Amino acid sequence: MTTRVGIITFPGTLDDRDAATAVALGGAQAVPLWHKDTNLNGVDAVILPGGFSYGDYLRAGALASMSPIMQQVIKAADQGMPVLGICNGFQMLCETGLLPGALTRNKDLHFICRPELITITNNKTAWTNFFQPGAELLIPVKNGEGCYQVSPESLPEIEAKGLVVARYNNNPNGSMNDIAAITNEAGNVVGIMPHPEHAVDGLVGAGVDGLGFFWSIAGVTV
Amino acid sequence: MVDTVSNAANSPALNQPWQKLGLKEDEYQRIKDILGRRPTSAELAMYSVMWSEHCSYKSSKVHLKQFGEKTPDNNVLLVGIGENAGVVDIGDGWAVTFKVESHNHPSFIEPYQGAATGVGGIVRDILAMGARPLAVMDSLRFGAADAADTARVLNGAVAGIGGYGNSLGLPNIGGETVFHESYAGNPLVNALCVGAMKHDQILKSGANEVGDLVLLYGAATGGDGIGGVSVLASEVFDEAAPSARPSVQVGDPFMEKLLIEATLEMARAGLIEAIQDLGGAGLSCATSEMASNGSGGMRVQLDTVPLRDASLSPEEILMSESQERMCAIVDPVNLDQVLAICEKWDLTATVIGEVTDTNKLEIYWHDELIVDVPPQTVAHEGPVYNRPMQRPANQDELIADSAAKLAMPTTGAEIKADLLKLLSHANLADKFGITEQYDKYVRGDTVLSAPDDAGMVRIDRKTGKGVALALDGNGRFCKLDPYLGAQLNLAEAYRNVAMSGATPIAVTNCLNFGSPEDPAVMWQFAEAVSGLADAALEFGTPVTGGNVSFYNQTGEIAILPTPVIGVLGVIEEVGKRITRVYSNPGSKVYLLGETRAEIDGSTWAEIIHNHLGGVPPKLDITAEKLLARCMRNFAAYGIAEAAHDISDGGLLTALAEMVYDSGIGMKIEISQELAAGAMLFSESASRAIVVVPENGITAFNQLCEQLEQPVTLIGEISAEGAGLEITGLLELSYQELTAAFQTPLLPH
């Protein structure tokens, strides 16, 4: 049966259309969800797409983390449902506490949009199981607040538990330990700052290296 | 106490601040003649902003009418000049609207907000036509890179364009950034937006049906931007004047994103009869234009307008340029559905009035009549000036001062030294520090973006149909000959679109000039408009609309006359587009077009010798159209691997740019005649470099021969080495190229 992946649109969400395209290209079915919805419409997985939800007022992702649908996402994630937060979605996952740490202003204080090489360091998650460990991928970053920070006490713990899912080859934003993506201990919730949904069609994106994330959730194997 | 219509009739002698509001004495008298009494203070506020240069085009109207008179007869234009933006037919039932607008003065005073709200305003213009906004571009001009104030303006303007456009989810697909001392006190920030819709989804602004409701939705009205058009955009800056900062609007892109989605949801459901955005002149403009464009009149209860600041007077509410507001005309039977959509998107929506059959615009403030005017007199029958024009006294001297007398580089070492100086100059260096601040991926339809010659977005995912856009200006050529200069600008934008394989079909423009009250500036303006209109007719590409920005001068010194021209092209299958990046060693490199030793007004003359004089390159529009026809064929048949137009910096610069972008070397062998400095840096028009893979060469040569396109084989892509080698003349390693191109734009 085709995997149904819910794509949540918040006011100010921008990459929802792109996430839906990528899900379909990966072989799953994209199901639109709205921030005021109070149930997840029976989806098998959820993507929190990029953008500036609620204008990123207060803090990036902070208001979205309080929205009606996020309470359902938190509940489902605790029960093991795969959740992928991309960029602003990653910020939401940190704000809800589903993932540790926070995303702060890039080290040079500018918004940066360019393809970056990342290396997959954990292929056991619901969203990266298609990849080989050590796979190098070219994926665009596009954010102003992508600098991953976590308390000095938690960092060794995150590393020891293998929660780092991907690292930048050339850290563009000052993230601790070059962290580009992390997961929770169960491996069902992943937050990633680069945009794999913009690396699924070489004509309009940065190559096709991002497809593996969507093949992973669709259950595609080599 | 509020100044009512009856009060105005009873106190004819009241002293009114018409001068402070930017009106001239005869204009004030004309208002009194129209009304048969003195205007109320609210009417005076409306007339002052609507009759400002920015809104009324009073100095430019007599010239701009040529764009309508010289429209090519080819049925491309669906909606012409006069609505929020022009609309063109691109086939398959698709309509595309695009427009460029200036936000120059606000961007000097407060660069971030000035530039941000420039993007916001042009996006709303596109939205108001019923189109889904798809992409933005920007054309920026600043003072010299090493001038004291340049960093402030550039960093702020770029961050503002990125901050606003990125938050809207609109990819930025290209543009230009140019530095020249004449823009130091008057930077140019011109923003373009393109959008698409189906033919039957086009919306207009005329309020026609009596009883329809006037709905204001989006942001609440505040005290920002009051008098922006009359005070800021229509006067010369005076250094001693108090800060004009409160006249600059403040943007909220989050609100604009909601406006876009809500408006399109209402429009696609057929719930909107007419629509207008609130930009320059705010409610004064929206109410008077919608009433004037329609068949009846309009009655507005101004006290129902939601306010951010309860202390605002009715005059201020009418003049406020608070951003992110739209005004729609709605049939009462659809009101509940419209309000439900606004609520879904958390937008405040208020019925502020209704359409009447009085032919009057009547505005009430707490049941008292404060505006009672024929709307046409506010919106469309403002003053028209045929301003005096005078060819500048020193124009002959300027033309006689040819660059031919300058010291030309002759040896390979000298040519290389000049080239490296060009490539590391802020006008030619890599602009990644700017373009990386813009999201180019969002929406997933960006096929080409900076530094490609044109930007390209896919419109239809099923068929692959898309549009290409280029935005170009050249103030140096226009200074030497504004008529020919404007034509060369159009030719360059046309050529950039053609390079992608798209067919250019329509033109928009943003005309940036000094004070219209200076006869020399007015002469430049008139010449440029004539040149542009004549060229557009000959190219067969109608001018669909545009924008005029006057008063770009500090004291007596005007900017270089700078028309910025946008050209739109159509491509049936975006997968067939041509980029400027090649990848196959052994592919052949061709020069298309004829090179003459034309260095007057060139980038070489400017950067190497700080010289501007002589006559611009000659333009043969037939040759330019032929080149575009060739490119269209190369794309359709898949013959060309890469292509790049030759413009700023000439042939040598264009080759260097291709090598740098591709990361693979080029080995060039050219005749002694072409290897001369004046030929390598010449900016002769109608030329391009095309890279053709082995299996395309026969077809390429046949096409060029049949179409009689002048073409010269000049070299091939290297099997080894990533540099640019010109046999017997010079060699540039990839490291040298990279070091030059990646020179920081601004000195630290």
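All chains use their own residue numbering, which begins from 1 and follows the written sequence. Here chains are named by letter from A upward and ligands by number from 1 upward, in the order in which they appear as written. With the structure being a predicted model, the display of local features is reserved for residues of pLDDT at least 70 and the display and counting of side-chain atom pairs for 80 or more, all residues being used for whole-chain, interface and lining totals. The side-chain numbers reported here are obtained from all heavy atoms of the structure, hydrogens and water having been left aside.

A.B. asks: I would appreciate a short explanation of the overall build of chain B in the present structure.
C.D. replies: When you go through chain B residue by residue, the secondary structure sums to 26 helices and 28 strands. C-alpha extents for chain B along the principal axes are approximately 85 × 55 × 45 Å. Looking at the 748 residues of chain B, the share that counts as buried comes to 64%. Averaging the positions of the 51 positive and the 96 negative side-chain charges in chain B gives two centres separated by 2 Å. Runs of E in the DSSP output that reach at least two residues are strands. Runs of H or I that reach at least four are helices, and both are numbered from the N terminus. Per-residue accessibility, obtained with a 1.4 Å probe over protein chains only, is compared with the maximum for each type, and a residue is labelled buried under 20%, exposed over 50%, and partly exposed between these values. When charges are counted, Lys and Arg are positive and Asp and Glu negative, with His and the chain ends excluded. Note that the charge is assigned to NZ on lysines, CZ on arginines, CG on aspartates and CD on glutamates.

A.B. asks: Honestly, the interface of chain A and chain B in this entry has me stumped. Any pointers?
C.D. replies: Note on interface size: it is often stated as the accessible area lost on association of the parts. Note on contacts: a residue pair qualifies if any of its non-hydrogen atoms lie within 4.5 Å across the two residues. Facing 29 residues of chain A, the contacting portion of chain B comprises 29 residues. In this description, buried area is defined as the sum, over both parts, of the accessible area (probe of 1.4 Å) that is lost when the two are combined. Counting the surface lost from both chain A and chain B, the interface buries some 2400 Å², and carbon and sulfur atoms represent 58% of this. Considering only the side of chain A, the residues that lose the most area to chain B are A:Arg17, A:Leu203 and A:Val204, jointly responsible for 26% of the buried surface there. A pair is scored as a salt bridge if a Lys or Arg side-chain nitrogen falls within 4 Å of a carboxyl oxygen belonging to Asp or Glu. Taken together, the links from chain A to chain B amount to four salt bridges. As a salt-bridge pair, B:Asp439 and A:Lys142 come within 2.6 Å of each other at their nearest N and O atoms. Polar contact is the term for a pair of N or O atoms within 3.5 Å; when the atoms are in protein, one must be able to donate a hydrogen and the other to accept it, and sequence-neighboring residues count only if both atoms are side-chain atoms. Counting across the interface, chain A meets chain B through 14 residue pairs in polar contact (both at pLDDT 80 or more). Where the side of chain A that touches chain B is concerned, the elements lending two or more residues are helix 1 (16-26), strand 6 (112-120) and strand 7 (136-143) of chain A.

A.B. asks: Explain unusual backbone geometry here, please?
C.D. replies: Cis geometry is found at the peptide bond from B:Ala450 to B:Pro451, where omega equals 5 degrees. Tracing the backbone through its elements, the reader meets B:Pro451 in the loop between strand 14 (446-448) and strand 15 (455-458). The backbone phi angle of A:Asp56 is positive, close to 55 degrees, even though this residue is not glycine. Locating A:Asp56 in the fold gives a position in the loop between strand 3 (45-48) and helix 2 (68-78). With phi around 50 degrees, A:Asn177 is a residue other than glycine that occupies positive phi space.

A.B. asks: Would you take a moment to explain the side chain of A:Thr183 for this structure?
C.D. replies: All names here are of chain A. Here threonine 183 shows up in strand 10 (residues 179-183). Relative accessible area serves as the criterion here: at 1%, threonine 183 is assigned to the buried category. Within polar-contact distance, the side chain of threonine 183 engages the backbone oxygen of valine 189 at 2.8 Å. If we skip the residues at most four places from it in the chain, threonine 183 touches Leu99, Asn122, Thr125, Leu163, Val165, Asn188, Val189 and Val190.

A.B. asks: Help me understand the sheet that holds strand 4 (residues 132-142) of chain B in this model?
C.D. replies: Pairing between the strands of a sheet comes from backbone hydrogen bonds, and it takes one of two forms, parallel or antiparallel. Residues and elements named next belong to chain B. Strands pair, by our definition, only if DSSP identifies at least two bridges between them. Read across the open sheet, the six strands follow the order 1-2-3-6-4-5; overall the sheet is mixed. Only two strands of the sheet have a single partner each, and these edge strands are strand 1 (77-79) and strand 5 (172-179). Across the sheet, the mean angle from the axis of one strand to that of its neighbour is 25 degrees, orientation sign disregarded. Sheet topology note: the strand 2 (residues 87-91)/strand 3 (residues 94-102) ladder contains four bridges and is antiparallel. Bridge assignment links valine 87 to a residue of strand 3, and that residue is threonine 97. Helix-sheet contacts for helix 8 (residues 150-168) involve strand 4, strand 5 and strand 6 (188-198), and the interaxial angle to strand 4 is about 175 degrees. Every angle, taken between N-to-C directions, lies between 0 and 180 degrees, and every axis is a line fitted to C-alpha atoms, over only the stretch in contact when it is a helix.

A.B. asks: Whenever I open this one, the sheet that holds strand 26 (residues 711-717) of chain B confuses me. Can you help?
C.D. replies: Residue and element names in this part refer to chain B. As summarised here, the arrangement of the seven strands in space is 23-25-22-26-24-27-28, forming an open sheet in which the pairing is mixed. Lying at the two open borders of the sheet, with one neighbouring strand each, are strand 23 (642-645) and strand 28 (730-732). When the angles between neighbouring strand axes are averaged without regard to direction, this sheet yields 20 degrees. Both strand 24 (residues 666-668) and strand 27 (residues 724-726) contribute to a ladder of three bridges, which runs parallel. Considered in strand 27, the bridge of methionine 666 is made with leucine 724. Along the sheet, helix 19 (residues 482-499) makes contact with strand 23 and strand 25 (688-692), crossing strand 23 at roughly 175 degrees.

A.B. asks: Hey, could you run me through the side chain of A:Asn184 in this one?
C.D. replies: Residues and elements named next belong to chain A. Tracing the chain through its elements places asparagine 184 in the loop between strand 10 and strand 11 (189-192). We classify asparagine 184 as buried; its relative accessible area is 15%. With sequence-adjacent residues up to four places away left out, asparagine 184 is seen in contact with Leu98, Leu99, Leu163 and Val189.

Keep in mind these numbers describe shape, not what the thing actually does.
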